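Per-entry structural report
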Amino acid sequence: MMTYRKELWFHLNKRRGLINITDAVQEAVNECGIKEGLVLVNAMNITSSVFINAVEKGLHEDFELWLEKLAPELPYEQYNHNTEKEHNADGHLKRSIMGREAVIAITGGKLDFGSWEQIFYYEFDGMRDKHVLIKIIGE
């Protein structure tokens, strides 16, 4: 059994945004040489998420609208967590909804996806450095 660890670093210049990280995760699989196994892709910050979905017209905008209805950013005063220094309670809630990580099978050295599946990093409290852990195990 082999293991491999890699980090991806991000700095969004806005509060929220989606980044397709599928190619970066496949690149990590290529680097490690594991042909059969599993890859864990884990958001390492409490106000960001990693999830699997598709690139389809309007879908990412729909995520943003849906999450904003469930956990609106404003008004900041609606959340007990928000203080004079922090205004990211909505980011914590959005992360709980979208999830922390994704696990993907590796078959023949490739990410073993269903149709249209891709991996996304979703930032809910940007404008600072954040990172994702890629942990691969297998043979």
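Anyway, here's the lowdown on the structure attached to this text. Computed from a predicted structure; not experimentally measured. (Residues numbered from 1 in each chain as written. Predicted model: local features only at pLDDT ≥ 70, side-chain atom pairs only at ≥ 80, totals over all residues. Heavy atoms only, no water.)

With that settled, consider a nonpolar patch on the surface. On the surface, Met1, Leu38, Val103 and Ile137 cluster together to form a nonpolar patch covering roughly 410 Å² of accessible area. Inspection of the secondary structure puts isoleucine 137 in strand β8 (residues 130-138). (Patch = residues over 30% accessible without salt bridge, like charges linked within 9 Å, V, L, I, M, F, W, Y side chains within 5 Å. Areas by Shrake-Rupley, 256 points an atom, 1.4 Å probe, with all protein chains shown as cover. Salt bridge = Lys/Arg side-chain N within 4 Å of Asp/Glu carboxyl O. Helix = DSSP H or I, 4+ residues; strand = E, 2+ residues; numbered from the N terminus.)

The next thing to look at is the pattern of salt bridges. On inspection of all chains with the given rule, the structure shows 16 salt bridges. Of the charged contacts, one joins arginine 15 and glutamate 73 as a salt bridge, the two residues approaching to 3.2 Å between their closest N and O atoms. Remark: glutamate 73 occurs in the loop between α2 (59-70) and α3 (89-98) and arginine 15 occurs in the loop between β1 (2-10) and β2 (17-20); sequence separation between them is 58 residues. With a relative accessible area of 13%, glutamate 73 lands in the buried category. Put simply, glutamate 64 and arginine 16 hold a salt bridge, and the shortest N to O gap is 2.5 Å. Placement of the pair is glutamate 64 in helix α2 and arginine 16 in the loop between β1 and β2, with a sequence separation of 48 residues. Judged by relative accessible area, glutamate 64 falls into the partly exposed class, the value being 23%. Salt bridges sharing partners connect three or more residues here, namely Arg15, Arg16, Glu64, Glu68, Glu73, Glu86, Asp90, Lys94, Asp125 and Arg128. (Buried < 20%, exposed > 50% of the residue type's maximum accessible area, 1.4 Å probe, protein only.)

This part takes up the side chain of serine 49. You can see serine 49 is positioned in strand β4 (residues 48-53). Given a relative accessible area of 0%, serine 49 falls into the buried group. Among the polar contacts listed, one links the side chain of serine 49 to the backbone oxygen of glycine 99, at a separation of 2.4 Å. Other than its neighbours up to four places away in sequence, serine 49 contacts Ala43, Arg95, Met98, Gly99, Phe120, Tyr121, Tyr122 and Phe124. (Polar contact = N/O pair within 3.5 Å; in protein donor to acceptor, adjacent residues only side chain to side chain. Contact = heavy atoms within 4.5 Å.)

All right, on to the packing of α2 against α3 then. Helix packing for two helices is described by the angle between their axes and how far apart those axes are. Look at α2 against α3: their axes get within 10 Å of each other, and the N-to-C directions meet at 120 degrees. One element, α2, and the other, α3, form an angle in the oblique class. Crossing handedness for the pair α2 and α3: right-handed. In this structure, α2 uses Phe63, Trp66, Leu67, Glu68 and Leu70 to contact α3, whose residues at the interface are Lys94, Ile97 and Met98. The residue makeup of the contact of α2 with α3, split by class, is six nonpolar, no polar and two charged. (Axes fitted to C-alpha atoms, helices over the stretch in contact; angles between N-to-C directions. Parallel < 35°, antiparallel > 145°, perpendicular 65-115°, else oblique. Left-handed = near helix turned anticlockwise from the far one by under 90°. Nonpolar A, V, L, I, M, F, W, Y, C, P; charged D, E, K, R; others polar.)

These figures capture arrangement, not role.
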